[in-house]
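Topology and contacts: notes
Residue strings, one per chain:
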Amino acid sequence: MNRPLVYLVFVAAVLGLGLLIGYNNIPGEWYQSLKKPTFNPPNWIFAPVWSVLYVMIGIAGVRMFLDHRRSAAMRLWLAQMIFNFLWSPLFFGMQDIASALIVIIALLIAVITFVVASWQRDRISALLFLPYLAWVAFATMLNGSIFLMN
């Protein structure tokens with residue numbers, strides 16, 4: 001197996017799908033009309049942050065795929081990707097704040113559990129997920145605040 005090629009394909013797929021989902025679920029007038037907490041970041045920050053995070057998520061995923069394919073950590077990586085890719089269509093596309101909150105809580109749990117599950121097996125992958133964990137925790141707080149305010 002050509003490891004550099006697998007890395008490239010994995011990272012490109014995660015980044016590409018993430019950006020495609022984001023592009024198809026851009027915050028519009030509905031989102032602008034919502035009451036938001038004071039800690040809500042400006043819209044321009046999301047694309048660069050998610051781009052960096054998707055690269056890190058992709059690297060962690062390919063490491064699991066290549067070296068720990070049948071592990072619980074790999075299954076958790078897949079689960080968090082599903083929750084991650086569901087959130088934007090729910091929140092922005094369907095304008096369903098409550099369902100998006102449920103999904104992002106599940107995402108947060110999956111990310112935490114991935115870090116724990118991969119910590120002994122592949123510390124680098126676990127460390128790559130720490131900024132993602134911080135961002136998802138912040139996004140969960142933001143989603144919850146928007147839910148409560150609207």
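As shown above, the structure is provided for reference.
Report on the accompanying structure.

The rules we used
- Residues numbered from 1 in each chain as written.
- Predicted model: local features only at pLDDT ≥ 70, side-chain atom pairs only at ≥ 80, totals over all residues.
- Heavy atoms only, no water.
- Helix = DSSP H or I, 4+ residues; strand = E, 2+ residues; numbered from the N terminus.
- Rg over C-alpha atoms; globule rule 2.2 N^0.38 Å.
- Buried < 20%, exposed > 50% of the residue type's maximum accessible area, 1.4 Å probe, protein only.
- Contact = heavy atoms within 4.5 Å.
- Areas by Shrake-Rupley, 256 points an atom, 1.4 Å probe, with all protein chains shown as cover.
- Lys, Arg positive; Asp, Glu negative; His and termini not counted.
- Charge placed at Lys NZ, Arg CZ, Asp CG, Glu CD.
- Axes fitted to C-alpha atoms, helices over the stretch in contact; angles between N-to-C directions.
- Parallel < 35°, antiparallel > 145°, perpendicular 65-115°, else oblique.
- Left-handed = near helix turned anticlockwise from the far one by under 90°.
- Nonpolar A, V, L, I, M, F, W, Y, C, P; charged D, E, K, R; others polar.
- Polar contact = N/O pair within 3.5 Å; in protein donor to acceptor, adjacent residues only side chain to side chain.

Bringing the overall build of the protein into the picture now. Helix and strand counts for the protein stand at seven helices and zero strands. Here the C-alpha atoms of the protein give a radius of gyration of 16 Å, agreeing with the 15 Å that 2.2 N^0.38 yields for 150 residues. Dimensions of the protein along its principal axes, counting C-alpha atoms only, are 50 × 25 × 20 Å. Across the 150 residues in the protein, those meeting the buried criterion constitute 43%. In the protein, once contacts between residues fewer than 6 apart in sequence are set aside, the share between residues at least 24 apart is 78%. Entry remark: accessible area of the protein is about 8,000 Å², with carbon and sulfur atoms responsible for 71%. The centroid of the 9 positive side-chain charges in the protein is displaced by 10 Å from the centroid of its 4 negative side-chain charges.

Here the focus is the packing of helix α3 (residues 46-67) against helix α7 (residues 130-149). At a closest axis distance of 10 Å, the pairing of α3 and α7 adopts a crossing angle of 135°. In terms of their interaxial angle, α3 and α7 are classed as oblique. When you trace α3 past α7, the crossing you get is left-handed. Across the interface between the two elements, F46, V49, W50, L53, M56 and I57 from α3 touch P131, Y132, W135 and L142 from α7. Among the residues making up the contact of α3 with α7, the classes are represented as ten nonpolar, no polar and no charged.

Take the side chain of N84 next. Mapping N84 onto the fold places it in helix α4 (residues 72-93). On the basis of relative accessible area, N84 is assigned to the buried category, the value being 6%. Looking at N84, its side chain comes within polar contact range of the side chain of Y54, at 2.7 Å. Within polar-contact distance, the side chain of N84 engages the side chain of Y132 at 2.9 Å. Excluding anything up to four places from it in sequence, N84 contacts W50, Y54, I57, L107 and Y132.

Mapping L128 onto the fold places it in helix α6 (residues 123-128). Taking relative accessible area as the criterion, L128 reaches 17% and is therefore assigned buried. A C-alpha to C-alpha distance of 17 Å links L128 and L8, two positions 120 residues apart in sequence. Each residue touching L128, except ones within four places of it in the same chain, is listed here: M56, I59 and A60.

By themselves, these figures tell us nothing about what the structure is for.
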